[in-house]
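Chains, contacts and geometry: an overview
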Amino acid sequence: MRDLRGRSRRPWIRRGLVVLIAVPVVLALTGAFGQPTKTLRAASAAATLQVEVPDKLRGGLMWRARIVVRATSTIEHPRIVLGPGWVHGMQLNTIEPAPESEASRGPRVVLSYGELAAGDELVVDLQLQVDPTTVGRQDTSVDLDDEARPLARVAHTTRVLP
Amino acid sequence: MDLVLRSVIVFFIVFLVTRAVGRRELSTMEPFDLILLIITGDLMQQAVTQSDYSMSGGLTVIATMALLTVALSYVSFKLPKLRPVLDGEPLVLVQDGEIIHRNLRRERITVDELLAEARQQQVGSLDEVRFAVLETNGRISIIPT
């Protein structure tokens, strides 16, 4: 009897552990561990800016983003300004179409494209990979400028899970 | 979400492969079989996690596989009709010293292998065997007369 003391609780402990194991599976199914893509929009008198980007990522993951600029009036020097989180701790593998030139604005990357007339649409696809050691919040905001004049801004933070 | 789906698919692929290959091959592992098993494991891991190096990803996959294992054993326990499909059934290879060749062919076991198995269990001749049964885990149980 002494040896059997407390054993009646063991199946319940095991069942509890199975429920505990189910928690990360349910969380993963609801997208809590990434990487569903979210569509964010910003608009001004000159253009609308749409960014498709995931909220959550994991180390090593390959992911994609799409930036769409629709000009409602002429933009002579469209500039897409990427927040530091797009390149810091990320491998930026491809930008299609490639910009005419790239420059830095502090930790931000400025992509310059050719003139957009009213009604034109610029679609930029980016393919990236998270560095395996990156963890935490990444500033993945996007600004649309006409040379140095701000037109629209999509503020966004992507969380990289360990 | 994709991690869970890939884990489920790979789990059932592994299940189907192990059921198709046969229990005997999996229990009597030659060096070639062992290397093949390691390569298969590596390929399956790549199919599930792909480029994911994260702990959260690993946790999700392990938890999914563990849940599926528990679910499969629960189904096998609750539904006896499904048990032969899920776990297999013991197969009689020798009855009262008589070899049942049809069952040997079914599991691709030669008479020499059967004799070797008998010798390993201290049985010198199949005449001394009342039953030789291929168990669901791939081992052969020998019950002497």
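Described in the following lines is the structure provided in the data block. (Residues numbered from 1 in each chain as written. Chains lettered and ligands numbered in written order. Predicted model: local features only at pLDDT ≥ 70, side-chain atom pairs only at ≥ 80, totals over all residues.)

Here we look at the overall build of chain B
To keep things clear, this is the line we draw: For helices the rule is a DSSP run of H or I covering at least 4 residues; for strands it is a run of E covering at least 2, with both sets numbered from the N terminus onward. When we talk radius of gyration, it's over C-alpha atoms, and the globule rule is simply 2.2 Å times the number of residues to the 0.38. Partly exposed residues are those falling between the two cut-offs: more than 12 but fewer than 20 other C-beta atoms within 10 Å of their own, whereas 20 or more means buried and 12 or fewer means exposed, with C-beta atoms placed from the backbone. By definition, residue pairs are in contact when their C-beta atoms, positioned from the backbone, come within 7 Å.
For chain B, the helix and strand inventory stands at seven helices and four strands. Traced from its N-terminal end to its C-terminal end, chain B shows the element sequence α-α-α-α-α-β-β-α-α-β-β. Taken over C-alpha atoms, the radius of gyration comes to 19 Å for chain B, far larger than the 15 Å a tight globule of 145 residues would show. With the C-alpha coordinates aligned to their principal axes, the bounding extent of chain B is approximately 60 × 35 × 25 Å. Buried positions account for 18% of the 145 residues belonging to chain B. Restricting the contact set of chain B to residue pairs at least 6 apart, pairs at least 24 apart contribute 56%.

Topic: the interface of chain A and chain B
To keep things clear, this is the line we draw: Residues are grouped as follows: Ala, Val, Leu, Ile, Met, Phe, Trp, Tyr, Cys and Pro are nonpolar; Asp, Glu, Lys and Arg are charged; every other residue, Gly included, is polar.
Opposite the 18 residues of chain A that make contact, chain B presents 17 residues. A total of seven residues in the side of chain A that touches chain B trace back to one element, the largest contributor, which is helix α1 (residues 10-29) of chain A. For the side of chain A that touches chain B, the per-class residue count stands at 13 nonpolar, four polar and one charged.

Here's the deal with the nonpolar core
Our working definition: Here, a nonpolar core means buried Ala, Val, Leu, Ile, Met, Phe, Trp, Tyr and Cys residues linked by C-beta atoms lying within 7 Å of one another.
Of all hydrophobic cores here, the largest spans 39 residues; its most connected members are A47(A), L49(A), I67(A), V69(A), I80(A) and L144(A). Those residues in contact with A47(A) that lie beyond four places of it in its chain are V69(A), R70(A), A71(A), T72(A), I75(A), L144(A), L151(A) and A152(A).

What about helix α3 (residues 31-49) of chain B?
Threshold: To estimate how far a helix should extend, the number of its residues minus one is multiplied by 1.5 Å.
End to end, α3(B) covers 27 Å across 19 residues, agreeing with the expected 27 Å (1.5 Å per residue, within 8%). Once α3(B) finishes, Q50(B) follows within two positions and takes phi at roughly 50°, a positive value.

A short note on the sheet that holds strand β12 (residues 149-154) of chain A
Residues and elements named next belong to chain A. Basically, it comes down to this: Note on pairing: two strands pair once DSSP finds at least 2 bridges between them. To define axes, lines are fitted to C-alpha atoms, for helices over the stretch in contact only, and angles between the resulting N-to-C directions are given on a 0 to 180 degree scale.
Strand order in the open sheet formed by five strands is β7-β8-β5-β11-β12, and the pairing between neighbours is antiparallel. The open sheet has two free edges, formed respectively by β7 (101-105) and β12, since each of these has just one partner strand. For this sheet the average axis-to-axis angle between neighbouring strands, irrespective of direction, equals 25°. The pairing of strand β11 (residues 142-146) with β12 spans five bridges and is classified as antiparallel. Considered in β12, the bridge of D143 is made with R153.

Focus: the environment of T40(B)
Mapped onto the elements of the fold, T40(B) is located in helix α3. As a C-alpha pair, T40(B) and V14(B) span 26 residues in sequence and 9.1 Å in three-dimensional space.

Some thoughts on the sheet that holds strand β2 (residues 98-99) of chain B
All names here are of chain B. Strand order in the open sheet made by the four strands is β2-β1-β3-β4, with antiparallel pairing throughout. Looking along the sheet, the strands with just one partner apiece sit at the ends: β2 and β4 (140-144). Pairing of strand β3 (residues 129-134) with β4 involves five bridges; the strand directions are antiparallel. Looking across to β4, one finds that V133 is bridged to S141. Strands in contact with helix α7 (residues 111-120) are β1 (91-95), β2, β3 and β4; relative to β4, the strand with the most contacts, it is inclined by about 65°.

Things to note about the pairing of β3(B)
Residues and elements named next belong to chain B. Pairing geometry for β1 and β3, over four bridges, is antiparallel. What sits directly across from V92, in β3, is V133. Adjacent in sequence and paired antiparallel, β3 and β4 are bridged by five residues, among which G138 carries a positive phi angle near 95°.

None of the figures reported here should be taken as evidence of function without further support.
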